[in-house]
Structures are given as C-alpha cells and as structure tokens.
Amino acid sequence: MNSAGNSGRAPPRVGRALPRAGRALPWTMVTPALGWTLAFFVLPFVAMGFSSLTAHEGGGFTLANYSQFFSNPSYWQAMLNSLQVTAIVTVVSVLLAYPFAWILAEQVPERWQRLALMLAVLPFWTSYVVRSYSWLLALAQNGVINRALTGAGLISEPLQLANTRLATVTGFVHFFVMLLTLTIFANLKQLSPSYRKAAADLGAGPVRTFLHVILPLTLPGIMVGAFLTFVLCIGDYITPQILGGNNELLMPQLVMMQIGRRGDFPLASALSIILMAVVTIAYLACARWLKIERA
C-alpha cells in the first residue's frame, strides 16, 4: 500500500517540476542579451547621467550643465541645425528611395532582383570615412562636379559646394537612400497582388490605388526607414565634420568640442542626454507606425 501510494504521488511532483523548468527556459535564453544590454547600454547610460549632474570643476550634484544648454543661444542653434539637416535628409531620402524601391519590386524581373539589391547596398560596403572624403573630393572647387559644369558651359566660376550644408546633406542622402530602399522594398514585396485587383474591381485607377491602398500599406516600412535615418543622422559626427568643414555647428560636433577642447565631460554628458531625449520624442511621435500588426 505504501509503495502504491508513493507511486501515485510521484507524477504530481514531476508535473510541478516541468512547468517550473519551462518558465526558466526563456529567461535562460535571453540572459546573454540582457547581460550585453546591461553592460554596454544601461550601465554606461547611468554613468553618463550621473556625470551630467556634476560640475566640471568637481563638487556635488548640480543642474548647471542642463541650464547652460537652455541659456546659451549657440547650443540652441546647434540643436536647430541638427534638426534641420536631419529633417532635410530624411525627406529627400524618402522621396528618392520610394521610386527606387518601387522599380526594384515591380519593374525588375524576379531573377534579377537579388543582383539589383546587391548593387543597391554597395555603399554599405564602403568605409564611412572613405565615402565622406570621396564626396569631399567630388564637391571640391577642382572636383569632378565643378569641372563637369564648367566644361559644359553651365557655370563660369567653380561653385562653393564643399564645406557647406549641401555637402553634408549630399553625403547623408547617398547613404540613407539605400537604407530606406531596403525597408520599403521589403514592405512592397509583402503586399499581395489581390489588393490591386480588388481596387481595380472597385473602379480605382493606378493613382487612386497607389494613394489609397499601396501607400498606406507601405507606410510602416517608410516610417521604420525614416526613423532609422533620423536616429543615425542626428547622432552622426563624421559626415558633418568632413563635408561641413566646421562652417555649421551640429550637436555631435558640439559634444565632441566639449570633450576635445575643454575636457568638460559633465557638459558633454548633459548634451548627449538632451540629444537622446530628442530621439525618444521622435520615437514616441512615430511609434504608432513602427509596429506592423499581423492578423
């Protein structure tokens, strides 16, 4: 009887152990990712937050670094310049990438699409610094563009293209058009042909089908690419530094200036957190389009 009773109680103990192991398995699998995030994002961010609340000369906690940003017009101008450049780059990149992605998805034969995509992502294979210096050489007064315009008789004197906002925007757009093309192309390839057929059956022409069916359905892909462009562009230091020629101060350059020239790490930390707050606001503004719901 005791043996039978013990064998009758054994299955419940096994049954209780299995759910506990099942609950532990997901945490075991995500532990490396959580540890990586904690070590290389959370802890550095917390340290930067504490640093932003200290004075450059030492001492206790203070909000002077943040108040300095809001009271200094040059800091505000740097933020405004960053937002303007980022907005221009994002809009121009979307306007150029969407037709390109449409051609790749709809006009290029299926067997050639992989080759076309490989050619489209070639800029990603080039070093960021090399690509920026290449544009600097092309936009210089004796560069390819000015020589071509002068040789064609369109201009009599070389244009000042390098070391301008136009040069910075051009370098950014060259890179981010390809990024947006990939996100929009992936969205276009997921669309079922039945959407177009249904719109045609209801009497919609190509333009109305695009505006009322295709564009709304591909909006998540556009917004994902646009948000990535915004994040990468507003925090980039290399391209404005090389192509802008220090003629226009942007937020990443302002942060590096505090570190390289003044050694003011607390102020640089405060400026970085303010820049991250702007990115967070942009995310919250785009959050409704950054989630692709599946039925």
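Here is a short report on the structure shown in this document. (Residues numbered from 1 in each chain as written. Predicted model: local features only at pLDDT ≥ 70, side-chain atom pairs only at ≥ 80, totals over all residues. Heavy atoms only, no water.)

## Notes on the nonpolar core
Within the largest apolar cluster, 32 residues are counted, with the highest numbers of intra-cluster contacts made by Val89, Phe176, Ile184 and Leu188. Those elements that provide at least two residues to this core are helix H3 (73–107), helix H4 (113–120), helix H7 (165–190) and helix H9 (206–234). A total of twelve residues in this core trace back to one element, the largest contributor, which is H7. Apart from the residues lying within four places of it in its own chain, the contact partners of Leu188 are Tyr98, Ala101, Trp102, Ala105, Ile214 and Thr218. Core analysis: the next-biggest nonpolar cluster, separate from the first, contains 25 residues, Leu271, Leu275, Val278 and Ala282 among them. (Core = buried A, V, L, I, M, F, W, Y, C linked by side-chain atoms within 4.5 Å. Buried < 20%, exposed > 50% of the residue type's maximum accessible area, 1.4 Å probe, protein only. Helix = DSSP H or I, 4+ residues; strand = E, 2+ residues; numbered from the N terminus. Contact = heavy atoms within 4.5 Å.)

## Thoughts on the environment of Val279
Along the chain, Val279 falls in helix H12 (residues 265–286). For the pair Val279 and Leu232, spaced 47 residues apart in sequence, the C-alpha separation works out to 9.9 Å.

## Description of the pattern of salt bridges
With the rule as written, the count across this model stands at four salt bridges. Ionic pairing is found between Arg262 and Asp264, a salt bridge with its closest N-O pair at 3.6 Å. Overall, Arg262 belongs to the partly exposed group, its relative accessible area being 43%. (Salt bridge = Lys/Arg side-chain N within 4 Å of Asp/Glu carboxyl O.)

## Side note on a nonpolar patch on the surface
Judged by side-chain polarity, Leu38, Phe41, Val42, Leu43, Phe45, Val46, Phe50, Phe61 and Met276 come together as a nonpolar surface patch covering roughly 830 Å² of accessible area. Structurally, the position occupied by Met276 is in helix H12. Residue classification places Met276 among the partly exposed residues on the basis of a relative accessible area of 31%. (Patch = residues over 30% accessible without salt bridge, like charges linked within 9 Å, V, L, I, M, F, W, Y side chains within 5 Å. Areas by Shrake-Rupley, 256 points an atom, 1.4 Å probe, with all protein chains shown as cover.)

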